[in-house]
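# Coordinate analysis (summary)
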Amino acid sequence: MGVAIAYSEDRRYDDASVADTVNFDAETVSYGAESVNFDAETVEFDAPVFDPPLHHDFEEEEEEEENGDQPAPCADTLQDLLRTVRKLVSSSSSTRFALLGDSPWLALTMDAQSSSMEEQEKVPMEYSGEQLVLDLVGGEEDRCKSVPYLLSIDNADDSVEIICRSLDGVVFGRLAIFDAPSDGGDDDEEDEEDAEETNPNLESYTKSYSLGDRFFLADAIRDVLMCHRPMVSDAGADRNNAKEVAEQVWSISHLFLGADSGDDSSSKGIEFGIIETLISLIVQCTPQGSGMPSSSPLNEHVYLSRVLLELTKLKPSLIPQAIVLAVSGMFEDFMPSLTTTARDNLGHWLSFHLTNTDYQWPKSYWEHWAPYAAIDQRNSRGDFVAVALWSMATLSPEGPETVARECLPAGTSLVQSVFLNHKRSNVGVSSTETDLINRIWDTSEDPDSIRQHIISDELLESYGSTIRSIDDNIDNSMSQPKVWWRTRLATRALFHPVSRENTRMISLAEKAWKKKASADGDNDMEDEHPAEDGRDETEDILADLSDAIARFKPVLLAAVARDADAYDSEATGKVDDDKLLMAGEVSILSEIGSLVSAWDSTAIFSLIECLMKNQIVSSLAVATWALCDNADESTNVSPQWWKVVSLAVNKAITDALSKVESSSTDLGGGIGMIIDDGGANDGVDSTEADVNRLDEALKAAVPILKYSLERACHLLSTTNSPKKIPIAAADLVEGMKRLSRAALFQLSSLALSPSPTLTLSNLQRGLMSIDADGEKLASACQAVECDGEQEKKLLQHVAFSVEKLF
């Protein structure tokens, strides 16, 4: 059963009618403070997007994927360029792109040479001189010196050093979302029957736009996005904006000739090529929260999302339908083969787009996607849906309540599976914890008094019934939650505002969901907010917690020390003090992770950064927590683990460089002074000081990198999947590559860039000096033992990646 989409004038998505027709529409699309009213013409057509299965047999779908179900075709700009050039060489008429036939130089004329005094005749200008050859690889006499000189102008020995560690922003992938271009052959009867049922604009795009047309279209779009990107001039004036860029992108439609002579619809279906290109760029964007800047405007997620939003406003009768078909095609054909980063980029874009178009999306799509998010086993399509909804909740001040009330259809199971399953019950909160929360947040008791209380024997007596003795710890593990009961109790009390806000928002979302599913269908929720929740509208939870963490730092540290001392006194055998204290720090992070909402990544990153800033947890402890050091399987590791570790690496490097800077001006006793030596050291080379800075940065970052690599490889070796690569294993492989790039960028920007004398060669030598170069890291990966062939291939892939990067 196909789904027909009718685009009416006010463009609101309504529920599917009996004829399975979905009305796509939007009276107002708001972006920022602006509102744009649509007066689109009515365009009605049948568009079979996908055939929703009558039942969702996920085991059968996984079996089909395992049995060689090939992903949709994809390529990159270099491959497309090669194919296009070959086509043009064999046939100059293989593309309808007009600029190739535009030869303005043919109109240049000159006076014909004549000895008469009469008016000279104009003739076409031609070059009759000797051809100029630029030989870059020939002998010394013939070789062109200009290009090598320009490339090595900063090098004294005229040597050329070109290092490209990443192709981001240089080479771009292309996703054939709507179908591979026609090869010009005869279509069989089945293809003709399918074409009769499809969108006429989509049919025009897939049949009349050849590979060359698509290549030139995508290349022109990238050029427009680059050349017209918004910027601020030196005088402070704004140049260009997303709306102007969208207009320039759409103007490319005038650069294509008609498929037939006299054809007035030369650009028919071009909106599908534009959407295909933009979504291909969006999934390749630099991930949010990576700590790395975008390599080019073409990798900026927000920029591309805004341009696509403005295109929707510019062409409301064409772009929205192309977006719907593109997302459907991505979901059905591409999602299992996308990396974690690409899948998240697509989910974040969809949430941004729907938030700024009043959450208008076909009901039938949410219903089709819901079962993927409901199953317990992780899958790529379910993760995409969850990321999109979590991101929408983050963008709304009311969180998941707005998503449940405004976005999702009534009675959908997505609210339960994505939001309500993360609800934390307060039934088990003890009177001791309640009293501690009151002393921290209500009465503002002195931190030293609370510290004495948390380490006292009285607390052990009053709270003893809820814990067990260390002797009950069968495996004698210092990672067991019961070992750190004081630490966890203090953490829950200190971070109570996070738990309270999480409970409040989920409760409101549940009420909105149930009310929308009720028989009356009344969505007016203004009076549903409970007045007795005690929430201050001006409350800034993260700011309050930042102040509280600094104030009650002695309480957390005392709790960790008391629990560690209790374990050390009762445990058998020698205990490593460093590992014991790190286990206590990990217990703090684990408790915070259970309190913060799954969709609120901003809160968890901010709290972790604040804990590291106040030296409550170390950077290595953050990496240990992110990679679940106390778990034997990779399924418990978050897909965003590498972003957390990248944050820890950045903090470790920053602290190390700060210590170097402070020691250079410290006279002893903590007195820092700027010494005027009268120019005595003016001739001293500063290279030694720069090298010392780099060495300290490497000493701080490399242990975290090595641990992350070894831990990730260990988890990969335990995946035990003979056929299909588990999604958790794909997260580890992708995360390790992203973490490596982020760490190299942080070392380069923080330790190398401030120095005028150090280069990447110094960084390479520094890595080799501490056995952290690519060859040594690759050997560490290959040294991990595993039995399965799939696991060996994954480890080899990680080893190859880190060897090339480092």
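About the thresholds
Residues numbered from 1 in each chain as written. Predicted model: local features only at pLDDT ≥ 70, side-chain atom pairs only at ≥ 80, totals over all residues. Heavy atoms only, no water. Helix = DSSP H or I, 4+ residues; strand = E, 2+ residues; numbered from the N terminus. Buried < 20%, exposed > 50% of the residue type's maximum accessible area, 1.4 Å probe, protein only. Contact = heavy atoms within 4.5 Å. Areas by Shrake-Rupley, 256 points an atom, 1.4 Å probe, with all protein chains shown as cover. Patch = residues over 30% accessible without salt bridge, like charges linked within 9 Å, V, L, I, M, F, W, Y side chains within 5 Å. Salt bridge = Lys/Arg side-chain N within 4 Å of Asp/Glu carboxyl O. Lys, Arg positive; Asp, Glu negative; His and termini not counted. Charge placed at Lys NZ, Arg CZ, Asp CG, Glu CD. Core = buried A, V, L, I, M, F, W, Y, C linked by side-chain atoms within 4.5 Å. Axes fitted to C-alpha atoms, helices over the stretch in contact; angles between N-to-C directions. Parallel < 35°, antiparallel > 145°, perpendicular 65-115°, else oblique. Left-handed = near helix turned anticlockwise from the far one by under 90°. Nonpolar A, V, L, I, M, F, W, Y, C, P; charged D, E, K, R; others polar. Expected span 1.5 Å × (residues − 1). Arc of directions from axis to C-beta. Polar contact = N/O pair within 3.5 Å; in protein donor to acceptor, adjacent residues only side chain to side chain. Phe/Tyr/Trp six-rings, centres within 6.5 Å; stacked < 30°, edge-to-face > 60°. Lys NZ or Arg CZ within 6 Å of the ring centre and 35° of its normal. pLDDT = per-residue confidence, 0-100.

## Considering the overall build of the protein
When helices and strands are tallied, the protein shows 31 helices and 11 strands. The buried share of the protein, reckoned over its 806 residues, is 45%. Here the analysis covers contacts within the protein between residues at least 6 apart in sequence; of these, 75% occur between residues at least 24 apart. In the structure as shown, the protein presents an accessible area of about 41400 Å², 49% of it carried by carbon and sulfur atoms.

## Here we look at a negative patch on the surface
A contiguous patch of negative charge, built from Asp 565, Asp 568, Asp 576, Asp 577 and Asp 578, is present on the exposed surface. Structurally, Asp 565 can be placed in helix α22 (residues 553-570).

## Topic: the nonpolar core
Judged by nonpolar contacts, the single largest core of 102 residues is most densely connected at Phe 495, Leu 611, Trp 641 and Val 798. For this core, the leading source of residues is helix α27 (residues 687-716), giving 13 residues. With residues up to four places along the chain from it excluded, the contact list for Val 798 reads Leu 709, Cys 713, Leu 716, Val 733, Met 736 and Cys 781. Ile 221, Leu 225, Val 415 and Ala 512 belong to the second largest nonpolar core, which has 82 residues in total.

## A closer look at the packing of α27 against helix α29 (residues 760-769)
Where α27 contacts α29, the axes come no closer than 10 Å and their chain directions differ by 55 degrees. By the criterion of interaxial angle, the relationship of α27 to α29 is oblique. α27 and α29 meet at a crossing whose hand is right-handed. Where α27 approaches α29, its residues Leu 694, Leu 698 and Val 702 are matched on the opposing element by Asn 762, Leu 763, Gly 766 and Leu 767. In terms of residue class, the contact of α27 with α29 is made up of 5 nonpolar, 2 polar and no charged.

## Overview of helix α2 (residues 77-90)
If you check α2, its first and last C-alpha atoms are 20 Å apart, about what 14 residues at 1.5 Å a residue would give, namely 20 Å. Within α2, the full set of buried residues consists of Thr 77, Asp 80 and Thr 84. Projected down its long axis, α2 shows its buried positions confined to an angular sector of 60 degrees, all on one face. Those residues of α2 that are exposed and angled more than 90 degrees off the buried face are Leu 78, Arg 86, Val 89 and Ser 90. Sitting at the amino-terminal end of α2 is Asp 76, which places a side-chain oxygen 3.0 Å from the backbone nitrogen of Leu 78.

## With respect to the packing of aromatic side chains
Ring pairs (aromatic) are described by centroid distance and by the angle formed between their planes. For the structure on display, the rule yields 15 aromatic pairs. For the pair Tyr 365 and Trp 369, a centre-to-centre distance of 6.2 Å together with 75 degrees between the ring planes defines the contact as edge-to-face. Of the two residues, Tyr 365 and Trp 369 are both situated in helix α12 (residues 363-374); the distance of 4 residues between them amounts to about one turn of the helix. A relative accessible area of 0% means that Tyr 365 is categorised as buried. The class of Trp 369 is buried, set by a relative accessible area of 1%. Geometrically, the ring pair formed by Trp 366 and Trp 369 is edge-to-face, given 5.4 Å between the ring centres and 85 degrees between the ring planes. With Trp 366 and Trp 369 both in helix α12 and 3 residues apart, this pair spans about one turn of that helix. On the basis of relative accessible area, Trp 366 is assigned to the buried category, the value being 1%. Following the ring pairs from residue to residue traces out a cluster consisting of Phe 97, Phe 178, Tyr 205, Tyr 209, Phe 215, Phe 216, Phe 256 and Phe 272. Here Arg 96 stacks its cationic end above the ring of Tyr 209, 4.6 Å away from the centre of that ring. Sitting over the face of the ring of Phe 331, Arg 381 holds its NZ or CZ atom 5.8 Å from the ring centroid.

## Overview of the side chain of Arg 381
Among the secondary structure elements, Arg 381 is positioned in helix α13 (residues 380-395). Judged by its relative accessible area of 9%, Arg 381 is buried. Among the polar contacts made by the side chain of Arg 381, one reaches the main-chain carbonyl oxygen of Phe 331 at a distance of 2.8 Å. Polar contacts involving the side chain of Arg 381 include one to the main-chain carbonyl oxygen of Glu 332, which spans 2.9 Å.

## What about the side chain of Asp 731?
Looking at the secondary structure, you find Asp 731 in helix α28 (residues 727-752). We classify Asp 731 as buried; its relative accessible area is 3%. A polar contact is formed between the side chain of Asp 731 and the side chain of Arg 378, at a distance of 2.8 Å. Apart from the residues within four sequence positions on either side, Asp 731 is in contact with Thr 340, Arg 343, Arg 378, Pro 639 and Trp 641.

## Looking at the confidence of the model for the protein
For the protein, the average pLDDT comes to 78, and 74% of its residues sit at 70 or higher. Predicted confidence in the protein is weakest over strand β5 (residues 43-44), with a mean pLDDT of 30, and strongest over helix α9 (residues 301-314), with 95. Considering only residues more than four positions removed or in separate chains, one finds that residues 522-532, a stretch of pLDDT under 50, has 16 contacts.

## What to know about unusual backbone geometry
Non-glycine residue Asn 240 carries a positive phi angle of around 65 degrees. Positionally, Asn 240 belongs in the loop between β11 (238-239) and α7 (242-251). Positive phi, normally seen in glycine, also occurs at Ser 444, with a value near 50 degrees. By secondary structure assignment, the location of Ser 444 is in the loop between α16 (431-442) and α17 (447-454).

## Let's talk about a nonpolar patch on the surface
Residues Trp 105, Leu 106, Leu 108, Met 110 and Met 125 make up a contiguous nonpolar surface patch of about 550 Å² in total accessible area. Looking at the secondary structure, you find Leu 108 in the loop between α2 and β7 (109-111).

## Some remarks on the environment of Ile 541
If you trace the backbone, Ile 541 turns up in helix α21 (residues 541-551). Sequence spacing of Ile 541 and Phe 495 is 46 residues, and the spatial spacing of their C-alpha atoms is 9.6 Å. Filtering out sequence-adjacent residues up to four positions away, Ile 541 remains in contact with Pro 497, Val 498 and Glu 501.

## Quick notes on the environment of Asp 771
Residue placement: Asp 771 occurs in the loop between α29 and α30 (774-782). Of the residues examined, Asp 771 reaches a relative accessible area of 43% and is grouped as partly exposed. It is 9.4 Å that separates the C-alpha atoms of Asp 771 and Val 702, two residues lying 69 residues apart in sequence. In contact with Asp 771, other than residues within four places in its own chain, are Lys 706 and Lys 776. A distance of 3.0 Å separates polar atoms of two side chains, one belonging to Asp 771 and the other to Lys 776.

## Remarks on the packing of α27 against α28
At their nearest, the axes of α27 and α28 sit 10 Å apart, and the two run at 180 degrees to each other. In terms of axis orientation, α27 runs roughly antiparallel to α28. Contact residues: Arg 693, Leu 694, Ala 697, Leu 698, Ala 701, Leu 705, Ser 708, Leu 709, Ala 712, Leu 715 and Leu 716 in α27; Ala 729, Leu 732, Val 733, Met 736, Leu 739, Ala 743, Leu 747, Leu 750, Ala 751 and Leu 752 in α28. Counted by class, the contact of α27 with α28 contains 19 nonpolar, 1 polar and 1 charged residues.

## Points about the pattern of salt bridges
Taken as a whole and assessed by the stated rule, the structure comprises 30 salt bridges. Residue Lys 699 is joined to Glu 696 by a salt bridge in which the shortest nitrogen-to-oxygen separation is 3.8 Å. Of this pair, Lys 699 and Glu 696 both sit in helix α27, separated by 3 residues, roughly a single helical turn. Given the relative accessible area of 27%, Glu 696 is considered partly exposed. Between Arg 738 and Glu 734 there is a salt bridge, and its shortest N-O distance comes to 3.1 Å. Here Glu 734 and Arg 738 lie together in helix α28, a separation of 4 residues that amounts to about one turn. Since its relative accessible area comes to 16%, Arg 738 is described here as buried. Residue Glu 734 is classed as buried on the basis of its relative accessible area, which comes to 9%. Connected through salt bridges with shared partners, the residues Arg 343, Arg 378, Asp 383 and Asp 731 form a single ionic network.

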